[in-house]
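Below, each chain spelled out in residue letters.
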Amino acid sequence: SQQGEEDPQALSIQEGENATMNCSYKTSINNLQWYRQNSGRGLVHLILIRSNEREKHSGRLRVTLDTSKKSSSLLITASRAADTASYFCATAKSYSGAGSYQLTFGKGTKLSVIP
Amino acid sequence: DVKVTQSSRYLVKRTGEKVFLECVQDMDHENMFWYRQDPGLGLRLIYFSYDVKMKEKGDIPEGYSVSREKKERFSLILESASTNQTSMYLCASSLPGFTQETQYFGPGTRLLVL
């Protein structure tokens, strides 16, 4: 079942502007991850934030997590044309005792950065 | 770098054919996953495996089966392909344990069933 829901579905901005994408989820999680997908390609992991963390940075990326609201946001600062891609949030929940996780992905936000 | 490869980027099959999609990873990962991706529906988990010869159903296993005879290889099988299985198929792998949850994806196979 789909857990994460991204908002907006599509976002178009000018190069240099900041892009903010939001993700809401329904059940408790161990962590939340953001992935990027360039058109017609596989997904690439961007950043992971654990359920006991509130904010995390990686280069031009900033992720926040509010477990009380069951929501997360991804901020890309000073966007570039190369950031044009679809962005997905994924919530991780441990799978039984196998020591592994299942990820449940949202439907994604399609970001277009106009040069 | 982790490398996950999929046997085909594009595949065209006829209804009723048996289809094999192969995925190979070179980083000795225990966990492997198969997803399908459709417009407006995002990624949905079909099957996953956390060890050789082990398999678990995901959210949409109907019409699919899997095989994991070797640690590095995870195959998705469409026993009798149907047009509603036209989709992008993505394979992923990950390490086990509670500190290695990141999944590494292959480039995807775009399957068209006529």
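Residues numbered from 1 in each chain as written. Chains lettered and ligands numbered in written order. Predicted model: local features only at pLDDT ≥ 70, side-chain atom pairs only at ≥ 80, totals over all residues. Heavy atoms only, no water.

Q: What should I look at first to understand the sheet that holds strand β1 (residues 4-6) of chain B in this one?
A: Backbone-to-backbone hydrogen bonds join strands into a sheet, with any given pair of strands oriented parallel or antiparallel. All names here are of chain B. Read across the open sheet, the four strands follow the order β1-β3-β8-β7; overall the sheet is antiparallel. What marks the edges here is a single partner per strand, and that holds for β1 and β7 (64-70). Between one strand axis and the next, the sheet turns by 20 degrees as a mean value, whatever way the strands run. (Pairing = 2+ DSSP bridges. Helix = DSSP H or I, 4+ residues; strand = E, 2+ residues; numbered from the N terminus. Axes fitted to C-alpha atoms, helices over the stretch in contact; angles between N-to-C directions.)

Q: Sorry if this is basic, but what is going on with the interface of chain B and chain A here?
A: A common way to state how big an interface is: give the accessible area lost once the parts meet. Across the contact, 28 residues belong to chain B and 25 residues belong to chain A. A buried area of about 2200 Å², summed over both sides, lies between chain B and chain A, and 53% of it is on carbon and sulfur atoms. The interface formed by chain B and chain A includes zero salt bridges. Our count for the contact surface shared by chain B and chain A stands at four residue pairs in polar contact (both at pLDDT 80 or more). Contributing elements (two or more residues each) for the side of chain B that touches chain A: β4 (31-38), β5 (42-49) and β9 (87-94) of chain B. Among the elements that make up the side of chain B that touches chain A, the one with the highest residue count is β5 of chain B (five residues). Per-class residue counts for the side of chain B that touches chain A are 13 nonpolar, nine polar and six charged. (Contact = heavy atoms within 4.5 Å. Buried area = accessible area lost by both parts, 1.4 Å probe. Salt bridge = Lys/Arg side-chain N within 4 Å of Asp/Glu carboxyl O. Polar contact = N/O pair within 3.5 Å; in protein donor to acceptor, adjacent residues only side chain to side chain. Nonpolar A, V, L, I, M, F, W, Y, C, P; charged D, E, K, R; others polar.)

Q: Explanation requested: the pairing of strand β8 (residues 73-78) of chain B in the structure shown.
A: Walk down a regular strand and you will see the side chains alternate between the two sheet faces. Residues and elements named next belong to chain B. A large share of β8 lies buried, amounting to five of its six residues. Direction of pairing for strand β3 (residues 19-25) relative to β8: antiparallel, over a ladder of six bridges. For L21, the partnering residue across the bridge sits in β8 and is L76. For β7 and β8, the ladder comprises five bridges, and the chain directions are antiparallel. Residue pairing in the sheet places K70 in a bridge with R73 of β8. Where β7 hands over to β8, the hairpin turn is made up of two residues, counted between the paired strands. (Buried < 20%, exposed > 50% of the residue type's maximum accessible area, 1.4 Å probe, protein only.)

Q: When you look at the pattern of salt bridges in this model, what are you seeing that I'm missing?
A: Pairing is possible between side chains that carry opposite charge, provided their charged atoms lie close to one another. Residues and elements named next belong to chain B. If you walk through the whole model with that rule in mind, you get ten salt bridges over all chains. In this structure, E79 and K18 form a salt bridge, with 3.5 Å as the shortest nitrogen-oxygen distance. One end of the pair, E79, is in the loop between β8 and β9; the other, K18, is in the loop between β2 (10-13) and β3, and 61 residues separate them in sequence. Judged by its relative accessible area of 42%, E79 falls in the partly exposed class.

Q: Could you clarify how one ought to interpret the pairing of strand β5 (residues 43-50) of chain A in this entry?
A: Residue and element names in this part refer to chain A. Relative to β5, strand β4 (residues 31-37) runs antiparallel, the two being bridged by seven bridges. Residue pairing for β5: W34 is matched across the bridge by I47. Connecting β4 to the next strand, β5, in antiparallel fashion are five residues, including G40 with a positive phi near 70 degrees.

Q: Help me understand unusual backbone geometry in this model?
A: The bulk of non-glycine residues show a negative phi, and the bulk of peptide bonds are trans. Here the bond from D7 of chain A into P8 of chain A is cis, since omega is 0 degrees, no more than 30 degrees from zero. On the secondary structure map, P8 of chain A appears in the loop between β1 (5-7) and β2 (10-14). Positive phi, normally seen in glycine, also occurs at A78 of chain A, with a value near 45 degrees. Residue placement: A78 of chain A occurs in the loop between β8 (71-76) and β9 (85-95). Located in the positive-phi region is D28 of chain B, a residue other than glycine, with phi close to 60 degrees. Secondary-structure assignment places D28 of chain B in the loop between β3 and β4.

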